[in-house]
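What follows is each chain in one-letter form.
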Amino acid sequence: MDSRTVVNFDQHSTEYKASFPEISHDIRSRCPAAWTERYGGYWVISGRELIGEMAKHPELLSNDHDPMGVRNGYQGIAIPSPQGATSRGGFIEMDPPDQLEYRRVLNPFLSPAAVERWRPMIRELSHACIDEVIETGRLDFVDDLANIVPAVLTMGMLGFPLTDWVIYCEPAHALVYTPPSSPDFPRVLAQAMQMGARLAEEMERARTSPRPGMLTALLEAQTAGSPFVDDDILGTLSLLIGGGFDTTTSLTSHALTWLDDHPDQRRRLLDDPELLDTATEEFVRFTTPAQGGGRTITRDCEIGGHAFRSGDRVWMAYGLANHDPEAFERPDEIALDRFPNRHAGFGLGVHRCIGSNLARMTFKTMLTVILERLPDYRLDPGGAVRYEDIGTINGYQHLPATFSPGKPRGRPLEQVIDRWGSTLYGPSSASR
Amino acid sequence: MQVRIDPDVCQGHTLCALAAPGIFLLRHDDGHAYVESPDVPAELHDLVRKAVATCPEGAISIDE
């Protein structure tokens with residue numbers, strides 16, 4: 001009866017990063033739902049059509065994470081499931097209808113119309129980051145810009161002091177790019193624990209002196225007459241920080257790398273800014289910053305002609321599906337004007353990336369400012385450092401570059417952040 | 001041509017509004033798409049077909 005196609009696959013392996021196109025096409029050609037024995041065994045869904053069909057069935061594919069075993073013992077969205085977890089990671093590790101309650105509260109902050117309000121801040125922050133380095137002719141796109149802007153923005157969205165971005169930035173990134181096998185991992189984990197404690201402090205502070213933003217909305221929310229559970233609010237804060245920081249940074253780094261390799265296409269984008277909309281979707285498809293997510297099958301079932309058993313683990317491989325030649329012509333090439341583009345780069349179904357509109361706007365604004373201010377940037381040959389493990393986030397740790405020096409245009413970054421803090425929260429509460 | 005969005009399938013990817021901004025509008029609360037009228041003027045048929053083809057969820061249907 002067992003007709004599973006078994007493959008040797010691990011999205012956290014060095015082979016996955018080094019040989020992505022070959023591995024992507026090999027696994028899909030064997031079976032769009034293939035089984036790997038890694039991490040206790042899981043299905044890898046790599047076909048664009050099948051992954052779309054599966055995403056339509058949240059009742060069959062659970063995101064639940066129940067490390068204490070009070071509901072079902074499901075392992076959530078990370079494969080492997082993190083050791084020592086005691087609670088779920090916010091609403092991405094919940095199923096409908098509870099998950100939808102969180103999204104209902106947060107969606108109004110993240111609709112296309114809502115995120116437009118942040119564009120002036122993103123633009124000014126991007127310029128200020130470049131002002132800091134423009135006289136030197138050198139920068140690291142990650143450390144000096146693409147880490148900073150999304151982090152400050154996320155602070156503003158949450159309703160945190162903007163200057164607190166430095167507290168969360170490095171720990172949040174390190175947690176994603178440091179594999180558990182690294183000798184540095186205990187330090188990274190300790191940093192993450194401190195970050196969690198800091199979030200708990202912030203939550204308590206917001207109960208008595210609330211600032212406008214997502215945290216206050218989460219604290220004020222009611223579901224069936226009860227407030228949200230504290231642990232789930234904290235999990236959600238971590239989720240929004242992780243989702244808000246790392247993904248847009250990764251997308252920007254990949255785009256800058258590709259535009260460095262393709263000067264004619266950089267010229268094309270500079271000459272025709274209207275290309276930016278389709279180009280953004282194409283960069284999201286091609287790089288898929290969040291490579292996929294784990295699910296647990298809730299009952300024996302068949303989806304798209306593939307049989308699954310209750311309790312099976314599944315990895316929704318959006319990164320692989322985005323390179324499916326059945327869905328995308330010449331999938332391993334970037335075409336800035338590719339459209340239609342049915343990419344799954346923001347995920348699919350009820351768990352579609354809640355920050356997709358914010359990510360697009362932030363990315364487009366940062367890239368536009370970079371191309372305007374540093375049109376002749378060149379990456380340092382051999383200087384780029386990709387994440388050691390790209391199986392969770394396909395990102396860059398460092399991306400050093402040189403360019404023709406210029407003159408600063410505005411205030412220093414620190415002053416820009418302070419001034420926006422005053423704008424958002426009033427002069428007295430801009431910092432503590 | 002008549003166009004319809006299945007609200008249970010739309011997840012707010014917003015690509016339809018990129019394809020045919022005059023036809024597909026986005027709700028302010030969650031960014032999910034809607035149409036004010038199902039009737040599509042002839043000059044916009046191609047754009048609406050593009051929107052159908054680019055919807056990641058397959059939420060848009062047309063009746064030609």
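The structure presented is a predicted model; accordingly, all values stated were derived computationally and were not measured.

What counts and how
Residues numbered from 1 in each chain as written. Chains lettered and ligands numbered in written order. Predicted model: local features only at pLDDT ≥ 70, side-chain atom pairs only at ≥ 80, totals over all residues. Heavy atoms only, no water. Salt bridge = Lys/Arg side-chain N within 4 Å of Asp/Glu carboxyl O. Helix = DSSP H or I, 4+ residues; strand = E, 2+ residues; numbered from the N terminus. Buried < 20%, exposed > 50% of the residue type's maximum accessible area, 1.4 Å probe, protein only. Pairing = 2+ DSSP bridges. Contact = heavy atoms within 4.5 Å. Buried area = accessible area lost by both parts, 1.4 Å probe. Polar contact = N/O pair within 3.5 Å; in protein donor to acceptor, adjacent residues only side chain to side chain. 1 Å grid on protein atoms, 1.4 Å probe; cavity = no way out; pocket = protein on both sides within 12 Å on 5 of 7 lines; lining within 4 Å. Points joined across faces, edges and corners; volume = space filled by probe spheres on them. Nonpolar A, V, L, I, M, F, W, Y, C, P; charged D, E, K, R; others polar.

Can you tell me about the pattern of salt bridges, naming the residues and giving the values?
All names here are of chain A. Within this structure, the stated rule accounts for 32 salt bridges over all chains. Put simply, Glu 135 and Lys 407 hold a salt bridge, and the shortest N to O gap is 3.6 Å. Residue Glu 135 is located in the loop between α6 (119-133) and β5 (138-140), and its partner Lys 407 is located in the loop between β15 (400-402) and α17 (413-425); the two are separated by 272 residues in the primary sequence. Between Asp 380 and Arg 138 there is a salt bridge; the shortest N-O distance is 2.7 Å. With Asp 380 in the loop between β12 (378-379) and β13 (385-386) and Arg 138 in strand β5, the pair connects residues that are 242 residues apart, well separated along the chain.

Could you give me a rundown of the pairing of strand β11 (residues 313-316) of chain A, with the residues and numbers involved?
Residues and elements named next belong to chain A. The side-chain alternation of β11 yields two buried faces, one formed by Arg 313 and Trp 315 and the other by Val 314 and Met 316. In this sheet, β11 lies alongside strand β3 (residues 42-45) in parallel orientation, the contact comprising three bridges. When the sheet's bridge partners are listed, Val 44 is paired in β11 with Trp 315. Strand direction decides the pairing type here: strand β8 (residues 293-297) and β11, joined by four bridges, are antiparallel. Along β11, the bridge assignment pairs Arg 295 with Val 314.

Can you break down the interface of chain B and chain A residue by residue, with the values?
Contact residues are listed per partner, giving 22 residues for chain B and 21 residues for chain A. Carbon and sulfur atoms supply 57% of the area buried between chain B and chain A, which totals about 1700 Å² over both sides. Our enumeration of links across chain B and chain A arrives at zero salt bridges. Taken together, the links from chain B to chain A amount to 11 residue pairs in polar contact (both at pLDDT 80 or more).

Would you mind going over empty space enclosed by the protein in detail, with residue names and values included?
Under the definition given, this model contains three cavities of 30 Å³ or more. In this structure, the largest cavity occupies an estimated 100 Å³ of space. Forming the walls of the largest cavity are 16 residues, and the residues nearest its centre are Cys10(B), His13(B), Thr14(B), Cys16(B) and Cys55(B). Residue composition of the lining of the largest cavity, grouped by class: 10 nonpolar, six polar and no charged. Estimates place the volume of the second largest cavity at around 80 Å³. Taken together, 13 residues line the second largest cavity, and the ones lying closest to its centre are Ala55(A), Pro58(A), Arg295(A), Leu348(A) and His351(A). By residue class, the composition of the lining of the second largest cavity is eight nonpolar, four polar and one charged.

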